[in-house]
Structures are given as C-alpha cells and as structure tokens.
Amino acid sequence: LAWKGDPESAELLCDAVKMATSPAQSRRFDKYSVVTTADYLVELTSAQIEAAVVKQAEEDDSMASSYPDRVAQTSSRRALNGMEQYRPFHNSVRTLLLREMRGVLRRPAALLSHLAFGIVLGLLLGLLYRNVPNTLPGVINRMGGFFFFLCLWGFASLSAIDHVFAMKHRDVLALIYLEYSAAPLVTARAVADCLLLRAIPAGLYSIIFYPLMGLAGFNVSGVDAQSLPRFGIFVAIGILYSVAMGIQAMFLASISPSAGTATLLASIVVLFEVLLGGFLINPASMPPAVLALRNLSPFNHAFCAMCLNELKDSPVPFEVSVELQGTWQSLSDLDGSTFLAALGVDQNATVLQHVSVLWLQMLGLAWLWHISTAYWFVPMSRWRRGIIQ
C-alpha cells in the first residue's frame, strides 16, 4: 500500500484499511506495508493494527465533542465548491439502490435460501394441510396454517440484520461526511431488501400454499372464480406482513451496537408479537392494557385479516358436530363468520381495515428506522467502540 504522506500519518492508513475491508478479508493478511514519501518502510503487523484501532476507540470522547464542528467544516467546504450539502434525493436513491441490489445479488446464498425455503415450505405445508374440510377441525387447521405462515416470515425477517451490519462501516462514514442523508439510504435499502428477500419469497410461498390447502376459491370440486379475489388478498397480506417485519428488523439493527444484540432484541419482539397475535392467548382473557399492546402487533393485524378473508361472508357452508343431551347432532349450513367470535376476531371489522393498519405500521417502522439512522446510527462515544472493533 503506497501512502503519500509523512510517517506519522501511517496510523491513519491503518484505520482506512480497517474501514475498507471486512473482518474476513483482514484475516487473510499477516501484515500491511506502508511506503511513505521518505521511502521509509513501515511494517504493521496485525497486532499493531489492532492497537491502532483500540487507540482510535479511546479517543472517541474527544471526537464526539468535535463532531458538530467537523460536520460544519465539511458543509462549508462543499458550499465553497459550489455543491449542495447533499446530493439530490433521487440521484442518491438511484445510486444507493443499484448498490444495494448488487449487494444482495452478490450474496447468492441469502437470496437463494429465501427463495428455496419459500418454495419448499410452501409445498410442504400445503401438502400437510391439503384440502382442509369445512368442519370445526378444518377451521382449526386453517388457523394453524395461518399461524405458521406468519411465524415463518416473522422470524425469517431476522436475516435483514446481517446486511445492515455488513454495510455499517461504509454507511457511517458516508453519513458523517455528508455523502448522502439517511432518507435515501433507508429508502434504497428497504426497496432492495424487501423486494428481493421479503416480497418475492413470501409471494411464492403464498401462491403455492393457498391452493394446496384448499382455502376459499380452491376446493376438491374445482376452482370458484367468484372467490379468486380472496386468493389475491391473501397473497397481498402475506407480502405486506413480510415487508413490515423486515423493516422492523432493520430498525432494531440500527439501534443495536452488535449483530448479536440486534438478533436477540428482534427475536424477543417477534415472540411477544406472536404471543399477542390472538392465536396463543384468546383476546377475551386479555387485560385492557394487553389489548392495547395487541393493536400494535403486525402479527395481530395480519392474522385477523387472513381470518376475515377466509371466513367472513364465505360462500362455502360449514358443518359442526355437537353433543346435545347425550347425543351427537350435526349442524350444517353454518356461515364462516360463526367461528370468528371464538377466535377473538371482530366480526364487524373488515379486511381493508386491518390491511390499512398494517400498512400504516410498516410506514411508521420505516419512519422510526429513518430517525434512528439519522440521529442514532452515526456512532458516538460508547457505540463507536463496538462498531470499529
């Protein structure tokens, strides 16, 4: 590595090398060579590089206090050069979107695993619940299928954390030196990640799972053209939920100092959302405070939307066997809405209402992600130490 500067500046190059290379790439080299203008050869071993990094971390407190001045100086230099403080939003989004798309495509294992799991698990669960009957056990199987669907893509969203931390060094430097603002970064990453790793795999799973399970519009006798819109609504709910959970995972990653902390935090959040979703605990037994928290759960709104889409005003009659005075009797021609009350789903609500709330929650999570990226993601004293190391 050629360095045109004085030997004392060689330490700065160590930080640049550390920022520019991933930990896996850094481990491939036993030492770095720095050649200065005085033709002085400085050989830096890995231990010396780590010592320089630790020294830089110890100076974070003084750097944090001078951070506003450095930003102001950078802005002044850009203004003197006739440039705006940031690039235009659409130019930044276009550049970052191409970078994020390439970043996802250059990690084929993540993309292919999401697509493969979406197809294989869609086939597996579709065959497991194949042609559910229009009876009480069939309704329970429907709820189980919906529950597994939402749990699967809720926890699959944790894969977004890895990419956030893989790009963290580059993003921090770009935000500090005003290459672009947080808005285009969040927009481009959300579009690339949610399109390739959330929407497409969840859509493939839904398209395979729905007809095999024999939900509304698809049954043993054939395809009901009048109920086909329910199929499209089901696919849209699954995609929207998967996208919302992916944005939630990236927001939690932006406020966490390490990937392990972010994974633990996101797992706990998803578990509580599942717990309050209405399937594991009946809403009728929940205290008022817990019911208020239940409305904040994307899992709850996606689950209620799927139940309403499948059971409310269903053209297919259901049959239930009940015991009356010691004898079993069969009750036929029951409407699907009869089961909604037992599931804790408001019969007066509509699919559109729950989908609208889910959409607003997705936008709210994206806004929180933007705020955390703009004001929390840029490392300061205690966070910078974890980021550099």
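These numbers were taken from a predicted model, which means no experiment stands behind them.

A.B. asks: What's the story with the overall build of the chain in this structure? I'm lost.
C.D. replies: Counting its regular elements, the chain contains 17 helices and six strands. The 389 residues of the chain split such that 45% are buried. At a minimum sequence separation of 6, the contacts of the chain that also span at least 24 residues come to 76%.

A.B. asks: When you look at helix 6 (residues 89-105) in this model, what are you seeing that I'm missing?
C.D. replies: Think of an α-helix as turning once every 3.6 residues; residues three or four places apart then point the same way. In this model, helix 6 (17 residues) spans 24 Å end to end at C-alpha, consistent with the 24 Å of a helix rising 1.5 Å per residue. Taken as a whole, helix 6 has its buried residues at Ser92, Val93, Leu96, Arg99, Glu100, Gly103 and Val104. In an axial view of helix 6, the angular spread of the buried residues amounts to 135°, which keeps them on one side of the axis. Away from its buried face, by an angle of more than 90 degrees, helix 6 presents the exposed residues His90, Arg94 and Leu105. Of the surrounding elements, those touching the buried residues of helix 6 are helix 7 (108-128), helix 9 (160-166), helix 10 (168-176) and helix 11 (182-213).

A.B. asks: Hey, could you run me through the packing of aromatic side chains in this one?
C.D. replies: Two measures describe an aromatic ring pair: the distance that separates the ring centres and the angle between the ring planes. Enumeration according to the criterion identifies eleven aromatic pairs in this entry. An angle of 45° between the planes, with centres 5.8 Å apart, marks the rings of Phe146 and Phe234 as tilted. Of the two residues, Phe146 is situated in helix 8 (residues 136-156) and Phe234 in helix 12 (residues 228-254); the sequence distance between them amounts to 88 residues. Pairing Tyr210 with Phe234 gives two aromatic rings, centres 5.1 Å apart and planes at 55°, and the pair type is tilted. With Tyr210 in helix 11 and Phe234 in helix 12, this pair connects stretches of sequence that are 24 residues apart. Of the residues examined, Phe234 reaches a relative accessible area of 1% and is grouped as buried.

A.B. asks: Explain the side chain of Ser256 here, please?
C.D. replies: Residue placement: Ser256 occurs in the loop between helix 12 and helix 13 (259-275). In this structure Ser256 comes out as buried when scored by relative accessible area, which is 3%. Of the polar contacts made by the side chain of Ser256, one reaches the backbone oxygen of Leu252; its length is 2.7 Å.

A.B. asks: What exactly am I supposed to notice about the pattern of salt bridges here?
C.D. replies: Opposite charge on two side chains permits them to pair, given that their charged atoms come into close proximity. Inspection of every chain in the model, using the stated rule, returns six salt bridges. Of the charged contacts in the structure, one is a salt bridge between Arg99 and Glu100, with a shortest N-O distance of 3.1 Å. Pair check on accessibility: Arg99 and Glu100 agree, each one buried. Between Asp193 and Arg198 there is a salt bridge; the shortest N-O distance is 2.9 Å. Overall, Arg198 belongs to the buried group, its relative accessible area being 1%. Where salt bridges share partners, they join Arg99, Glu100, Asp171 and Arg189 into one cluster.

A.B. asks: Sorry if this is basic, but what is going on with helix 13 here?
C.D. replies: The terminal C-alpha atoms of helix 13 lie 24 Å apart, and with 17 residues this matches the ideal 24 Å at 1.5 Å per residue to within 8%. For helix 13, the set of buried residues is Ala262, Ala266, Ser267, Val270, Glu273 and Val274. Seen from one end, helix 13 has its buried residues packed into an arc of 130°, which puts them on one side.

A.B. asks: Just checking my understanding: could you explain the side chain of Glu100 for this structure?
C.D. replies: Here Glu100 shows up in helix 6. Beyond its immediate chain neighbours, meaning those up to four positions away, Glu100 contacts His163, Leu185, Ala188, Arg189 and Ala192.

A.B. asks: Before we go on, may I ask you to explain the environment of Leu276 in this structure?
C.D. replies: When you line up the elements, Leu276 lands in the loop between helix 13 and helix 14 (288-294). Put simply, Leu276 and Leu296 are 20 residues apart on the chain and 9.3 Å apart in space, counted from C-alpha to C-alpha. If sequence neighbours within four positions are ignored, Leu276 has contacts with Met286, Val290, Leu293, Arg294 and Asn300.

A.B. asks: Honestly, the state of the cysteines in this entry has me stumped. Any pointers?
C.D. replies: By definition, a disulfide links the sulfur atoms of two cysteines through a covalent bond. Under the criterion given, the structure shown has zero disulfides. With no disulfide of its own, Cys304 lies 6.4 Å from the sulfur of Cys307, the closest cysteine sulfur.

A.B. asks: It is not clear to me how the environment of Ala183 should be interpreted in this structure. Could you clarify?
C.D. replies: For Ala183, the location among the structural elements is in helix 11. Linking Ala183 and Ala374, residues 191 residues apart in sequence, is a C-alpha distance of 8.1 Å. Contacts of Ala183, omitting those with residues within four sequence positions, involve Phe89 and His370.

A.B. asks: Would you take a moment to explain the environment of Ala284 for this structure?
C.D. replies: Position of Ala284 relative to the elements: it lies in the loop between helix 13 and helix 14. Since its relative accessible area comes to 73%, Ala284 is described here as exposed. In the structure, Ala284 is positioned 59 residues away from Leu343 in sequence and 9.2 Å away in space, judged by C-alpha atoms.

A.B. asks: What am I meant to see in unusual backbone geometry here?
C.D. replies: Most peptide bonds adopt trans geometry, and most residues besides glycine take a negative phi value. Of note in this structure, Asn131 is not a glycine but carries a positive phi near 50°. With respect to the helices and strands, the residue Asn131 is situated in the loop between helix 7 and helix 8.

A.B. asks: Would you mind showing me how to read the packing of helix 7 against helix 11 here?
C.D. replies: Helix packing for two helices is described by the angle between their axes and how far apart those axes are. Between helix 7 and helix 11, whose axes approach to 8 Å, the crossing angle comes to 15°. Of the possible angle classes, the one that applies to helix 7 and helix 11 is roughly parallel. Taken as a pair, helix 7 and helix 11 cross one another with a handedness that is right-handed. Contact residues: helix 7 offers Ala110, Leu111, His114, Leu115, Gly118, Ile119, Leu121, Gly122, Leu123, Leu125, Gly126 and Leu127, while helix 11 offers Leu196, Leu197, Arg198, Ile200, Pro201, Leu204, Tyr205, Ile208, Phe209, Leu212 and Met213. Of the residues that constitute the contact of helix 7 with helix 11, the class distribution is 18 nonpolar, four polar and one charged.

Reading guide: rules and limits
Residues numbered from 1 in each chain as written. Predicted model: local features only at pLDDT ≥ 70, side-chain atom pairs only at ≥ 80, totals over all residues. Heavy atoms only, no water. Helix = DSSP H or I, 4+ residues; strand = E, 2+ residues; numbered from the N terminus. Buried < 20%, exposed > 50% of the residue type's maximum accessible area, 1.4 Å probe, protein only. Contact = heavy atoms within 4.5 Å. Expected span 1.5 Å × (residues − 1). Arc of directions from axis to C-beta. Phe/Tyr/Trp six-rings, centres within 6.5 Å; stacked < 30°, edge-to-face > 60°. Polar contact = N/O pair within 3.5 Å; in protein donor to acceptor, adjacent residues only side chain to side chain. Salt bridge = Lys/Arg side-chain N within 4 Å of Asp/Glu carboxyl O. Disulfide = S-S within 2.5 Å. Axes fitted to C-alpha atoms, helices over the stretch in contact; angles between N-to-C directions. Parallel < 35°, antiparallel > 145°, perpendicular 65-115°, else oblique. Left-handed = near helix turned anticlockwise from the far one by under 90°. Nonpolar A, V, L, I, M, F, W, Y, C, P; charged D, E, K, R; others polar.

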